[in-house]
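Residue strings, one per chain:
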Amino acid sequence: KNEVEQSPQNLTAQEGEFITINCSYSVGISALHWLQQHPGGGIVSLFMLSSGKKKHGRLIATINIQEKHSSLHITASHPRDSAVYICAVPGTSYDKVIFGPGTSLSVIP
Amino acid sequence: DAGVTQSPTHLIKTRGQHVTLRCSPISGHKSVSWYQQVLGQGPQFIFQYYEKEERGRGNFPDRFSARQFPNYSSELNVNALLLGDSALYLCASILIPAGGRNEQFFGPGTRLTVL
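This write-up is about the structure you can find in this document. The written sequence of each chain sets the order in which its residues are numbered from 1. For naming, the first written chain is A and the first written ligand is 1, with later ones following in the order written. The model is predicted, so local features are restricted to residues of pLDDT at least 70 and side-chain atom pairs to those at 80 or more, both for listing and for counting; the totals for chains, interfaces and linings are taken over all residues. Hydrogens and waters are ignored; side-chain quantities use all the structure's heavy atoms.

Some points on the overall build of chain B
Alright, step 1. The numbering of helices and of strands both runs from the N terminus, where a helix is a DSSP run of H or I of at least 4 residues and a strand a run of E of at least 2. Helix and strand counts for chain B stand at zero helices and 11 strands.
Alright, step 2. A radius of gyration in this sense is built from C-alpha atoms; the matching globule rule multiplies 2.2 Å by the number of residues raised to 0.38. Taking 13 Å as the expected radius of gyration for a compact globule of 115 residues, we find that chain B reaches 13 Å, a close match to that expectation.
Alright, step 3. In terms of overall dimensions, chain B has C-alpha extents of about 35 × 30 × 30 Å along its principal axes.
Alright, step 4. Accessible area is worked out with a 1.4 Å probe on protein chains only. A residue is then buried under 20% of its type maximum, exposed over 50%, and partly exposed in between. Within the span of chain B, comprising 115 residues, buried residues form 49% of the whole.
Alright, step 5. When checking whether two residues touch, look at their non-hydrogen atoms; a contact exists if any pair is within 4.5 Å. Considering only intrachain contacts with a sequence separation of at least 6, the fraction spanning at least 24 residues in chain B is 54%.
Alright, step 6. A 1.4 Å probe and the Shrake-Rupley method give the accessible areas. Residues count as covered only by the protein chains that appear here. Here chain B has roughly 5,500 Å² of accessible surface; of this, 50% comes from carbon and sulfur atoms.
Alright, step 7. Of note, chain B has its 11 positive side-chain charges centred 5 Å away from the centre of its 8 negative side-chain charges. For the purpose of counting charges, residues Lys and Arg are taken to be positive, whereas Asp and Glu are taken to be negative. His and the chain ends are not included. Where a charge lies is defined by one atom per residue type, namely NZ (Lys), CZ (Arg), CG (Asp) and CD (Glu).

Structure follows, in structure tokens:
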């Protein structure tokens, strides 16, 4: 069983739709990262959260530490949101980060 | 204020050659981590350096090595390149390592193609 799992693997949405990407993990963590990777390759950190909920613009991230589950929501989705969204958690030592497999999102105009 | 920078952006090498990739962390950040991302997969941890010392190493062969300089920039070296080394190499910058409690800021990556 992978330490970090995401669903769905691929997602196609119409512009304006509300989108949810889920992440579940099996390791104990101090914080969880949501990252965005565009086709060019660079990774952008969206959120780092250890409890509750964070909001930034149209993006909302929630985490339930007890259930080892986090969700990333995108409201009023736009084609520029098309990217791979990656959930990542710290490893068991130093600052190694364990990445989930990513969710490939495509928002169609 | 510049973010994490990496060079070169793209690189093409042939099997058996060696390569050096460079990373400059965010000003004031003292720790750098390197990751390899093979196409279609998530990044895999290679190394972490803090204050010029290796703090952690992933499951990569000895062909992979790295170092960190007094200005906290870092180099990743790969010797005897194999086709399977073709990947995006990402560098991440951390202010001070704290066992995962600090946010990592990623650079744009270096895309290495081995022919």
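Observations concerning the side chain of Ser 93 of chain B
Alright, step 1. Within the secondary structure, Ser 93 of chain B sits in strand E9 (residues 87-94).
Alright, step 2. A 3.5 Å cut-off defines polar contacts: any pair of N or O atoms within that distance qualifies, except that in protein one atom must be a possible hydrogen donor and the other a possible acceptor, and neighbouring residues in sequence count only when both atoms are side-chain atoms. Reaching out from Ser 93 of chain B, the side chain makes a polar contact with the backbone nitrogen of Ile 26 of chain B at a distance of 3.2 Å.

Let's talk about the state of the cysteines
All names here are of chain B.
Alright, step 1. Any two cysteine sulfur atoms lying within 2.5 Å of each other are counted as a disulfide. This model, assessed by the stated rule, comprises two disulfides over all chains.
Alright, step 2. The disulfide that involves Cys 23 links it to Cys 91, with 1.8 Å between the sulfurs. With the S-S bond torsion at -60°, the cross-link from Cys 23 to Cys 91 turns out left-handed. Here Cys 91 lies in strand E9 and Cys 23 lies in strand E3 (residues 19-24), a separation of 68 residues in the sequence. Here Cys 23 and Cys 91 have matching classes, each one buried.

Some details on the interface of chain A and chain B
Alright, step 1. Facing the 18 residues of chain A at the interface are 24 residues of chain B.
Alright, step 2. Between chain A and chain B, the buried area comes to about 1,700 Å², and carbon and sulfur atoms account for 56% of it.
Alright, step 3. Here a salt bridge means any side-chain nitrogen of Lys or Arg lying within 4 Å of a carboxyl oxygen belonging to Asp or Glu. Applying the counting criterion to the chain A and chain B interface returns zero salt bridges.
Alright, step 4. The tally of links between chain A and chain B comes to one residue pair in polar contact (both at pLDDT 80 or more). Buried area is understood as the total, over both parts, of accessible area removed when two parts are fitted together, assessed with a 1.4 Å probe.

Observations regarding the sheet that holds strand E8 (residues 69-74) of chain A
Residue and element names in this part refer to chain A.
Alright, step 1. Two strands are counted as paired when DSSP detects at least two bridges linking them. Strand order in the open sheet formed by five strands is E1-E3-E8-E7-E6, and the pairing between neighbours is antiparallel. In the strand order of this sheet, the two ends are held by strand E1 (4-7) and strand E6 (52-56), each with one partner. Neighbouring strand axes in the sheet, compared pairwise and without regard to direction, differ in orientation by 15° on average.
Alright, step 2. Judged from the four bridges that link them, E1 and strand E3 (residues 19-25) form a sheet pairing that is antiparallel. Residue pairing for E3: Val 4 is matched across the bridge by Tyr 25. Only the contacting stretch of a helix is used when fitting its axis, a line to C-alpha atoms as for every element, and angles between N-to-C directions run 0 to 180 degrees.

Some thoughts on the sheet that holds E3 of chain B
Residue and element names in this part refer to chain B.
Alright, step 1. Reading across from one edge, E1-E3-E8-E7 is the order of the four strands in this open sheet, with antiparallel pairing throughout. The open sheet has two edge strands with one neighbour each: strand E1 (5-7) and strand E7 (64-68). Across the sheet, the mean angle from the axis of one strand to that of its neighbour is 15°, orientation sign disregarded.

Thoughts on the pattern of salt bridges
Residue and element names in this part refer to chain B.
Alright, step 1. On inspection of all chains with the given rule, the structure shows six salt bridges over all chains.
Alright, step 2. Residue Glu 75 is joined to Arg 67 by a salt bridge in which the shortest nitrogen-to-oxygen separation is 3.3 Å.
Alright, step 3. Residue classification places Arg 67 among the partly exposed positions, given a relative accessible area of 45%.

Some words on the layout of surface pockets
Alright, step 1. Here the term cavity refers to a set of points on a 1 Å grid, laid over the protein atoms alone, in which a 1.4 Å probe fits but cannot get out; the term pocket refers to an open set having protein on both sides within 12 Å along at least five of seven lines, with lining residues being those that place an atom within 4 Å of a point. Grid points are joined across faces, edges and corners, and a volume is the space filled by probe spheres set on the points. Within this model, the largest pocket holds a volume of roughly 390 Å³.
Alright, step 2. For the largest pocket, the lining is made up of 21 residues, of which Gln 37 and Val 84 of chain A together with Gln 37, Gly 40 and Gln 41 of chain B are closest to its centre.
Alright, step 3. Secondary-structure elements contributing two or more residues to the lining of the largest pocket are strand E9 (83-90) and strand E11 (103-108) of chain A.
Alright, step 4. Here the nonpolar group is Ala, Val, Leu, Ile, Met, Phe, Trp, Tyr, Cys and Pro; Asp, Glu, Lys and Arg are the charged ones; every other residue, Gly included, is treated as polar. A class-by-class count of the residues in the lining of the largest pocket yields nine nonpolar, 11 polar and one charged.
Alright, step 5. There is about 340 Å³ of room inside the second largest pocket.
Alright, step 6. For the second largest pocket, the lining is made up of 17 residues, of which Glu 3, Ile 98 and Phe 99 of chain A together with Pro 43 and Gln 44 of chain B are closest to its centre.
Alright, step 7. Elements supplying a minimum of two residues to the lining of the second largest pocket: strand E10 (97-99) of chain A together with strand E5 (44-50) of chain B.
Alright, step 8. At three residues, E10 of chain A tops the list of elements feeding residues into the lining of the second largest pocket.

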